[in-house]
Amino acid sequence: MLTMDEYTVIDRIYPMYLEQGDLIRVQGEVYQVLNINDAADGWDIVVLDNYEETRLISVPDNKMVTLVAAD
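**A closer look at the overall build of the chain**
Within the chain, the secondary structure is distributed over zero helices and six strands. Ordered by position in the sequence, the α and β elements of the chain form the string β-β-β-β-β-β. Against the compact-globule benchmark of 11 Å for 71 residues, the chain has a radius of gyration of 11 Å, which places it among compact chains. When the 71 residues of the chain are sorted by exposure, 31% land in the buried category. Considering only contacts within the chain whose residues lie at least 6 apart along the sequence, 43% involve residues at least 24 apart. About 4800 Å² of surface is accessible on the chain, with carbon and sulfur atoms providing 45% of the total.

**Observations concerning the pairing of strand β3 (residues 29–39)**
Pairing of strand β2 (residues 23–26) with β3, which is carried by four bridges, proceeds in the antiparallel orientation. Its bridge partner being in β3, Leu23 is matched across the sheet by Gln32. Here β2 folds back onto β3 in antiparallel fashion, the turn holding two residues, of which Gln27 has a positive phi close to 50°. Across seven bridges, the pairing between β3 and strand β4 (residues 42–48) is antiparallel. What sits directly across from Asn37, in β4, is Asp44. The hairpin turn running from β3 into β4, its antiparallel successor, is two residues long.

**Thoughts on the pattern of salt bridges**
Taken as a whole and assessed by the stated rule, the structure comprises one salt bridge. For Arg55, the salt bridge is made with Asp49, and the minimal N-O distance between the two is 2.7 Å.

**Regarding the side chain of Asp49**
Considering the arrangement of structural elements, one finds Asp49 in the loop between β4 and β5 (54–60). The buried category is assigned to Asp49, whose relative accessible area is 5%. At a separation of 2.9 Å, a polar atom in the side chain of Asp49 contacts the main-chain amide nitrogen of Tyr51. Apart from the residues within four sequence positions on either side, Asp49 is in contact with Tyr31 and Arg55.

**Digging into a nonpolar patch on the surface**
A surface patch of nonpolar side chains, amounting to about 400 Å² of accessible area, comprises Tyr14, Met16, Tyr17 and Met64. Within the secondary structure layout, Met16 lies in the loop between β1 (7–13) and β2. For Met16, a relative accessible area of 44% translates into the label partly exposed.

Rules behind the numbers
Residues numbered from 1 in each chain as written. Predicted model: local features only at pLDDT ≥ 70, side-chain atom pairs only at ≥ 80, totals over all residues. Heavy atoms only, no water. Helix = DSSP H or I, 4+ residues; strand = E, 2+ residues; numbered from the N terminus. Rg over C-alpha atoms; globule rule 2.2 N^0.38 Å. Buried < 20%, exposed > 50% of the residue type's maximum accessible area, 1.4 Å probe, protein only. Contact = heavy atoms within 4.5 Å. Areas by Shrake-Rupley, 256 points an atom, 1.4 Å probe, with all protein chains shown as cover. Pairing = 2+ DSSP bridges. Salt bridge = Lys/Arg side-chain N within 4 Å of Asp/Glu carboxyl O. Polar contact = N/O pair within 3.5 Å; in protein donor to acceptor, adjacent residues only side chain to side chain. Patch = residues over 30% accessible without salt bridge, like charges linked within 9 Å, V, L, I, M, F, W, Y side chains within 5 Å.

Function-wise, these values are silent; they only describe arrangement.
Shown next, in the form of C-alpha cells:
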C-alpha cells in the first residue's frame, strides 16, 4: 500500500454504505474492505491490512468511518 501522504480523504460515511474494495482509514492506518457484517451493537468490517492479513474492525452504531482514495 501507499504511505499516508498518498491518500486523499473522500468522505466520512456510515459503515452500512461501504462496499467491497473501498479503502478506509482507521487510527492512521489504511485498510481495504473485504466484507461488512451487521453486529448486535454496530458493524463488523473485515479488512485487509498493509501486510495482506485480514483483520476485524468493529464500528459502533452511529459512528462514521473515513473513506479514502489513492492519489
